[in-house]
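# Understanding the architecture of this molecule
Now for the letters of each chain:
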Amino acid sequence: MSNTGKLKAFADSIAAATSPFRNYLSDLHRKYLPLSDGTVADYIPELALADPSWFGVAVATVEGQVFEVGDCAQPFTIQSISKAFVYGLALEDHGRDYVNSKVGVEPTGEAFNAIVLDEATNRPYNPMVNAGAIATADLIKGKDGTERLKRMLDMFSRYTGRSHDIHVPVFLSERATGNRNRAIAYLMLNFGMVSDRIDETLDLYFQQCSILVTARDLSLMAATLANGGVNPVTGDRALDQRYVQDVVSVMLTCGMYDSSGDWAYRVGMPAKSGVGGGITAVSPGKLGIGTFSPPLDAKGNSLRGIRVCQQLSQDFGLHPFNVAPPPKDLDSWIKGDADLDRW
Ligand code: DON
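The structure contained in this document is the topic of the report that follows.

### Comments concerning the packing of aromatic side chains
Evaluation of the coordinates by the stated rule reveals 13 aromatic pairs. Ring geometry for Tyr-24 and Trp-333: centres 6.0 Å apart, planes at 70°, overall edge-to-face. One end of the pair, Tyr-24, is in helix α2 (residues 20–32); the other, Trp-333, is in helix α14 (residues 330–335), and 309 residues separate them in sequence. Classification of Tyr-24 as buried rests on a relative accessible area of 6%. Both rings, one in Phe-316 and one in Trp-333, keep their centres 6.3 Å apart while their planes meet at 85°; by these two values the pair is edge-to-face. One end of the pair, Phe-316, is in helix α13 (residues 303–316); the other, Trp-333, is in helix α14, with 17 residues separating them in the sequence. By relative accessible area, which is 3% here, Phe-316 ends up buried. Taking relative accessible area as the criterion, Trp-333 reaches 10% and is therefore assigned buried. Residue placement shows Arg-304 over the ring face of Phe-55; its charged tip is 5.6 Å from the ring centre.

### Examining the pattern of salt bridges
Considering all chains together, one arrives at 12 salt bridges under this definition. Between Asp-93 and Arg-151 there is a salt bridge; the shortest N-O distance is 2.7 Å. Of this pair, Asp-93 sits in helix α3 (residues 81–94) while Arg-151 sits in helix α6 (residues 145–160), placing them 58 residues apart in sequence. A residue is classified by how much of its surface remains accessible, and Asp-93, at 12% relative accessible area, is buried. Among the salt bridges present, the one from Glu-200 reaches Arg-197, with a minimum N-O distance of 3.9 Å. Take Glu-200: its relative accessible area is 29%, and that puts it in the partly exposed class.

### Let's talk about the site of the ligand
Taken together, 14 residues sit near the ligand, with Tyr-43, Gln-79, Ser-80, Glu-174 and Tyr-205 positioned nearest. Asn-181 places a polar side-chain atom, nitrogen or oxygen, 3.0 Å from an oxygen atom of the ligand. Side-chain polar atom of Tyr-257 to a nitrogen atom of the ligand: 3.2 Å apart, as the coordinates give it. Protein coverage of the free-state accessible area of the ligand, which is 340 Å², stands at 99%. Classifying every residue of the shell around the ligand gives 6 nonpolar, 7 polar and 1 charged.

Calculation rules
Residues numbered from 1 in each chain as written. Predicted model: local features only at pLDDT ≥ 70, side-chain atom pairs only at ≥ 80, totals over all residues. Heavy atoms only, no water. Phe/Tyr/Trp six-rings, centres within 6.5 Å; stacked < 30°, edge-to-face > 60°. Helix = DSSP H or I, 4+ residues; strand = E, 2+ residues; numbered from the N terminus. Buried < 20%, exposed > 50% of the residue type's maximum accessible area, 1.4 Å probe, protein only. Lys NZ or Arg CZ within 6 Å of the ring centre and 35° of its normal. Salt bridge = Lys/Arg side-chain N within 4 Å of Asp/Glu carboxyl O. Near = heavy atom within 4 Å. Polar contact = N/O pair within 3.5 Å; in protein donor to acceptor, adjacent residues only side chain to side chain. Areas by Shrake-Rupley, 256 points an atom, 1.4 Å probe, with all protein chains shown as cover. Nonpolar A, V, L, I, M, F, W, Y, C, P; charged D, E, K, R; others polar.

What follows is the structure in structure tokens.
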């Protein structure tokens, strides 16, 4: 990042720390912290070690401002959130037509780990469920697993502006208990939807899910998509502009699995959840949201994260189909104008 960029980032951080919008996020965090519903994931044993009280909320604007409240620096494994971004990398590697020949774009209405393929094409329905994500990971180019993983990590670094590591205990835990994913992978091998290097791909998929991120990272990843594929803080391009629509569209229809319909109705922002407790949500042209709280609902989505995204969407009119004036004007709250509320 240039010195000019660093100075802008510093000025933005000062503005963010004193903005009324940060106070709004603090109130939101205070409101939902007492929420005690939900269960920390334990089907991957290492995930059960998470503290259910962890709760971070981050918002990054396409102008490069980042607002953080709570446990936004607490690292956790990205899990299924990675799928949306690896899908973008696969599109860059092979182009839309070839990727679509291996993975569909249809929501399933099923659980994220359903062992189901589209009977008409033998393809996994979409890249957000485990089947589609494994098929997508199989498309990532590289001479071996090490190079393929490095390309993935470098891609995430372009979205977040920092380097990332694998949480090895979660990776080993998931590899040791991942027989359902192996069954899905070999079913797809049977139909030619994945290559014969499927064992290397399964390790790559388990590693991708074990990449450590924070709520701040998730807000920057979403803001990068909101900004046409360019990180609004670093100015680095993370995704070819041609494929932003593909990724964000599939996040909207499939990103929250069998909650995607309810999410589209109540929140509307394209989003992706992960069993590690993260949610990333995109408001195209405006901002990205990153939330982290381990307790999940029955469909594997963070309960506190869902509440926060729903309230932000309603208060600031972030639903893409909203046409009514929202209760709060986003620019006024971020800039700190006098008349913050419309009424
Ligand atoms: O393959 C799995 O089951 C996990 N690594 C990812 C599942 C997940 O994050 C579902 N999201 N809510």
